[in-house]
Amino acid sequence: MPTFHRALAEADLAEGQMRGLVLNGLDLVLVRTKDGLYAMDNQCTHGAARLSEGRLRGVRVICPLHGASFDCRSGAVLALPARDPQRAYPTRILDGWIEVELGS
Ligand code: FES
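Quick caveat: nothing in here was measured; it's all calculated off a predicted structure.

## Details of the environment of Glu99
Locating Glu99 in the fold gives a position in strand β11 (residues 97–101). Look at Glu99 and you get buried, because its relative accessible area is 6%. C-alpha of Glu99 to C-alpha of Ala39: the two residues are 60 residues apart in sequence and 9.5 Å apart in space. Aside from chain neighbours lying at most four places away, what touches Glu99 is Phe4, His5, Arg6, Ala7, Pro90, Thr91, Arg92 and Leu94. Polar side-chain contacts of Glu99 include one of 2.8 Å to the side chain of Arg92.

Right, here's the structure in full:
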């Protein structure tokens with residue numbers, strides 16, 4: 001059975017925003033789009049940059065360092081120079097909180 005971890009009050013992340021946070025020792029970026037809430041690793045797979053400090057365009061998260069972009073729904077690479085996807089995590093909203101399932 002998956003275990004979800006409480007991450008952030010739902011009211012603290014508006015549509016079109018990203019937020020970096022550490023949850024159970026993992027550096028994550030939470031993303032809210034018009035379609036939903038998503039979570040993935042915050043550290044870019046290409047180098048030493050945090051995606052939460054980049055830009056969000058629709059579902060596209062753009063790294064602030066070299067401009068690679070990732071689909072926040074899956075972590076898939078949308079634009080080079082990154083070649084490896086971000087790890088993505090399931091999310092849910094429960095009792096006004098955004099929760100993230102971190103896996104084992
Ligand atoms: Fe993110 Fe290079 S560190 S694209």
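## Some points on the pairing of strand β3 (residues 26–33)
Note on strand geometry: in a regular strand, side chains alternate between the two faces of the sheet. Burial analysis of β3 places 6 of its 8 residues in the buried class, which makes it a mostly covered element. Of the strand pairs in this sheet, strand β2 (residues 17–23) and β3 are connected by 7 bridges, and their pairing is antiparallel. Its bridge partner being in β3, Gly20 is matched across the sheet by Val29. Between β2 and β3, which follow one another and run antiparallel, lie 2 residues, and Asn24 among them has a positive phi close to 50 degrees. In this sheet, strand β4 (residues 36–41) lies alongside β3 in antiparallel orientation, the contact comprising 6 bridges. Across the sheet, residue Thr33 finds its bridge partner in β4, namely Gly36. A loop of 2 residues connects β3 with β4, the two strands running antiparallel in sequence.

## Description of the sheet that holds β2
With antiparallel pairing, 4 strands are arranged side by side in an open sheet as β2-β3-β4-β9. For this open sheet the edge positions go to β2 and β9 (88–89), each flanked by a neighbour on one side alone.

## Things to note about the pattern of salt bridges
Between side chains of opposite charge, a pair can form when the charged atoms approach closely. Across all of its chains, the model carries 7 salt bridges by this definition. Note that Arg50 and Asp27 form a salt bridge whose closest N and O atoms lie 2.8 Å from each other. Taken together, the positions of Arg50 in the loop between β4 and β5 (55–57) and Asp27 in strand β3 put the pair 23 residues apart, joining distant regions of the chain. A salt bridge links Arg50 to Glu53; the nearest nitrogen and oxygen atoms lie 3.6 Å apart. What makes Arg50 partly exposed here is its relative accessible area of 29%. With relative accessibility at 54%, the residue Glu53 sits in the exposed group. It is possible to trace a salt-bridge network through shared partners that takes in Arg6, Arg92 and Glu99.

Analysis parameters
Residues numbered from 1 in each chain as written. Predicted model: local features only at pLDDT ≥ 70, side-chain atom pairs only at ≥ 80, totals over all residues. Heavy atoms only, no water. Helix = DSSP H or I, 4+ residues; strand = E, 2+ residues; numbered from the N terminus. Buried < 20%, exposed > 50% of the residue type's maximum accessible area, 1.4 Å probe, protein only. Contact = heavy atoms within 4.5 Å. Polar contact = N/O pair within 3.5 Å; in protein donor to acceptor, adjacent residues only side chain to side chain. Pairing = 2+ DSSP bridges. Salt bridge = Lys/Arg side-chain N within 4 Å of Asp/Glu carboxyl O.

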